[in-house]
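Descriptive structure summary
One letter stands for each residue in the lines below.
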Amino acid sequence: MNTTNKTASENGILGFTELWALGVGQVIGAGVITLIGPAIGLTGYSVWLAYFVAVLLGAATNLPLIIFSSVTKYSGGDYSIITMLGGEKIGGMFIVGFILQMLAMSLYVTAIGLYTESLFPAVNGKMVGLILLVLFYIVNMFGVANMAKFQKVMSALLVVVLLMFGIVGLIKGNFSSSIAIASKQFFSNGFTGFWSAVMLLVYSCQGYKLTVMYGGQAKEPTKNMPRALLAVIPVILVIYTLVAFADVSVLPLDQVINKPLTLAAKAILPSALFIIFIIGGPIMALLTTLNSTYGAMVGPFEKAAKDGWFPAGLAKKNKYGAAVVILTIELIIGVIPVLLNFSVATIVNNIMLITSVYQFLLYYSLLQVPKKMPSKWSHATMHCNNAVYYGIIILAAFFQILILYKSIKNLTPAVAITNIAVLLICFIYAVVRHNLGKTHIDTEGMLELTDTNYKEV
């Protein structure tokens, strides 16, 4: 096992502001526009409170990873953590299955097309989505620093536009019913409906954790990364709660149930501002997520290629430091399903069990930090008592179990079997490649190796 501590080729590019913008852009997606209506149907006027709880719940599930980002610098995101602390073969299994996450690119393309057609019915929305997919591919081909400049501008516009809607909604809305806790319509379906709404919304409150994928390019990562991730939380707490509150205050409840946020926006915004809202709100939310996802996928696969799980050529970079092969694969995976009219949403939903298993592997790996990284842990900027740290991870895992339970209630036997089969294929690939001696894991200086605190897995 190679224990040489190597530095990333792109070092110190992303500061606090850039990391914060990547986190905001990654987490604020189309979900904030489309999920509020169904959530209102589940819980009524209390939807804003459901979003408030969902943000806090998402923060709780992300907190162990945020704490670890203050411990050491690493370039491969969850892959690096699982490989170093959970076991090499488990890390290999993770990174093979992680390829499926690239299907999200097709979802963004499809959603961009739908919103474009809602604004300009005569325009081919699918073609617009594909053009933007290629555009941000080109942007990312000019390196992380260039991509981050775009992200800062787009994330700022996104935040401003959503705040604009929320503020106008407060001015024009009648929020007497929105705060009438004793009303039957506040918790229209009781606690069960409220909790169902929280579970629906929580998925749009966790995405900022992917910012850790940029650890290899961060300036002072153990300081800036946790600060940036923590700084995202109050932003989405205010925006999501405010937007949901305004949505149920500007129109009667029966008119916004199962309807997107755009309905309320059209009712209260002048035509010019409504167009700005569509572009700066739902479309910009998708663009910021699309842009940051391109870069977020690079770190894990680049590190895995260097470690031997994939051909070394996968990590090839151009003169701007962009991972040309990985970015091109992302582009192809984003284009083909759209052109073939695949139901990408169904595919992504069907791998939900796989992604949940990986989340629990991450929590297991993070439990090893005090044992395998004692010195780094003791000097971490977010260091805490070991018992407290373990408690945070256990609590996060508990919340993740609740989320998983709600998600798999309607899981069919066929989908469950497919998920298990994919997991087995990933594990077999990892075991075979590792046993053939193809892997040569670089710990990036993460572990403090001694005979007593580390054993090859």
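For the structure itself, consult the block above.
Below is a short write-up of the structure. Nothing here was measured: the structure is a model prediction, and the numbers come from that model.

Details of the overall build of the protein
On a plain count of helices and strands, the protein comes out with 21 helices and 0 strands. The C-alpha atoms of the protein give a radius of gyration of 22 Å, which matches the 23 Å a tight globule of 457 residues would have. Seen along its three principal axes, the alpha-carbon backbone of the protein occupies a region of about 65 × 50 × 45 Å. Evaluated residue by residue, the protein yields a buried proportion of 58% over its 457 residues. Long-range contacts, defined here as pairs at least 24 residues apart, represent 85% of the contacts in the protein between residues at least 6 apart. When the accessible surface of the protein is totalled, it reaches about 18,400 Å², and 69% of it is carbon and sulfur. Where the 27 positive side-chain charges of the protein centre and where its 16 negative ones centre are 4 Å apart.

A few points about the packing of aromatic side chains
Using the criterion set out here, one finds 19 aromatic pairs in the structure. When the ring of Phe 165 is compared with that of Phe 277, the centres are 5.5 Å apart and the planes differ by 40°; the resulting orientation is tilted. Note that Phe 165 is positioned in helix H9 (residues 144–172) and Phe 277 in helix H14 (residues 271–307), a separation of 112 residues in sequence. Comparing Phe 165 with Phe 277 shows no difference in burial state: the two are buried. One residue, Arg 227, lies across the ring of Phe 16, its end atom 4.6 Å from the ring centre.

Side note on the nonpolar core
Nonpolar side chains tend to gather and get buried jointly when the protein is soluble and globular. Core analysis: the biggest nonpolar cluster contains 154 residues, and Ile 28, Phe 68, Ile 95, Tyr 240 and Phe 277 have the highest contact counts within it. Apart from residues lying up to four places away in sequence, Phe 68 is in contact with Tyr 74, Ile 81, Leu 85, Leu 366, Val 369, Met 373 and Met 446.

Notes on a nonpolar patch on the surface
On the surface, Ile 332, Ile 336, Leu 339, Leu 340 and Phe 342 cluster together into a nonpolar patch covering about 480 Å² of accessible area. Mapped onto the fold, Leu 339 is located in helix H15 (residues 324–339). For Leu 339, a relative accessible area of 52% translates into the label exposed.

Looking at the environment of Thr 293
Turning to its location among the elements, Thr 293 is positioned in helix H14. Each C-alpha atom of the pair Thr 293 and Pro 221 lies 19 Å from the other, and the pair is 72 residues apart in sequence. In this structure, Thr 293 is in contact with Gln 26, Met 105, Tyr 108 and Glu 330, ignoring residues within four places of it in sequence. A polar contact of 2.6 Å, which involves the side chain of Thr 293, links it to the backbone oxygen of Thr 289.

Some thoughts on helix H6 (residues 88–97)
Burial runs high along H6: 9 of the 10 residues are buried. Along H6, the residues that are buried comprise Glu 88, Ile 90, Gly 91, Gly 92, Met 93, Phe 94, Ile 95, Val 96 and Gly 97. On the buried face of H6, the contacting elements are helix H5 (78–86), H14, helix H17 (352–366) and helix H21 (413–435).

Some points on the packing of helix H13 (residues 261–268) against H14
Put simply, H13 and H14 touch, their axes get as near as 8 Å, and they point 155° apart. Looking at the two axes, H13 sits roughly antiparallel to H14. With respect to the hand of their crossing, H13 and H14 are arranged in right-handed fashion. Of H14, the residues touching H13 (which contributes Leu 261, Thr 262, Ala 265 and Lys 266) are Phe 274, Phe 277 and Ile 278. Within the contact of H13 with H14, the residues separate by chemical class into 5 nonpolar, 1 polar and 1 charged.

A few points about the pattern of salt bridges
Taken as a whole and judged by the stated rule, the model has 5 salt bridges. Taking the shortest distance from any N to any O, the salt bridge between Lys 223 and Glu 220 comes out at 4.0 Å. A relative accessible area of 46% places Lys 223 in the partly exposed class. With a shortest N-O distance of 3.4 Å, Glu 302 and Lys 306 are connected by a salt bridge. Of this pair, Glu 302 and Lys 306 both sit in helix H14, separated by 4 residues, roughly a single helical turn. With a relative accessible area of 6%, Glu 302 lands in the buried category.

Conventions and cut-offs
- Residues numbered from 1 in each chain as written.
- Predicted model: local features only at pLDDT ≥ 70, side-chain atom pairs only at ≥ 80, totals over all residues.
- Heavy atoms only, no water.
- Helix = DSSP H or I, 4+ residues; strand = E, 2+ residues; numbered from the N terminus.
- Rg over C-alpha atoms; globule rule 2.2 N^0.38 Å.
- Buried < 20%, exposed > 50% of the residue type's maximum accessible area, 1.4 Å probe, protein only.
- Contact = heavy atoms within 4.5 Å.
- Areas by Shrake-Rupley, 256 points an atom, 1.4 Å probe, with all protein chains shown as cover.
- Lys, Arg positive; Asp, Glu negative; His and termini not counted.
- Charge placed at Lys NZ, Arg CZ, Asp CG, Glu CD.
- Phe/Tyr/Trp six-rings, centres within 6.5 Å; stacked < 30°, edge-to-face > 60°.
- Lys NZ or Arg CZ within 6 Å of the ring centre and 35° of its normal.
- Core = buried A, V, L, I, M, F, W, Y, C linked by side-chain atoms within 4.5 Å.
- Patch = residues over 30% accessible without salt bridge, like charges linked within 9 Å, V, L, I, M, F, W, Y side chains within 5 Å.
- Salt bridge = Lys/Arg side-chain N within 4 Å of Asp/Glu carboxyl O.
- Polar contact = N/O pair within 3.5 Å; in protein donor to acceptor, adjacent residues only side chain to side chain.
- Axes fitted to C-alpha atoms, helices over the stretch in contact; angles between N-to-C directions.
- Parallel < 35°, antiparallel > 145°, perpendicular 65-115°, else oblique.
- Left-handed = near helix turned anticlockwise from the far one by under 90°.
- Nonpolar A, V, L, I, M, F, W, Y, C, P; charged D, E, K, R; others polar.

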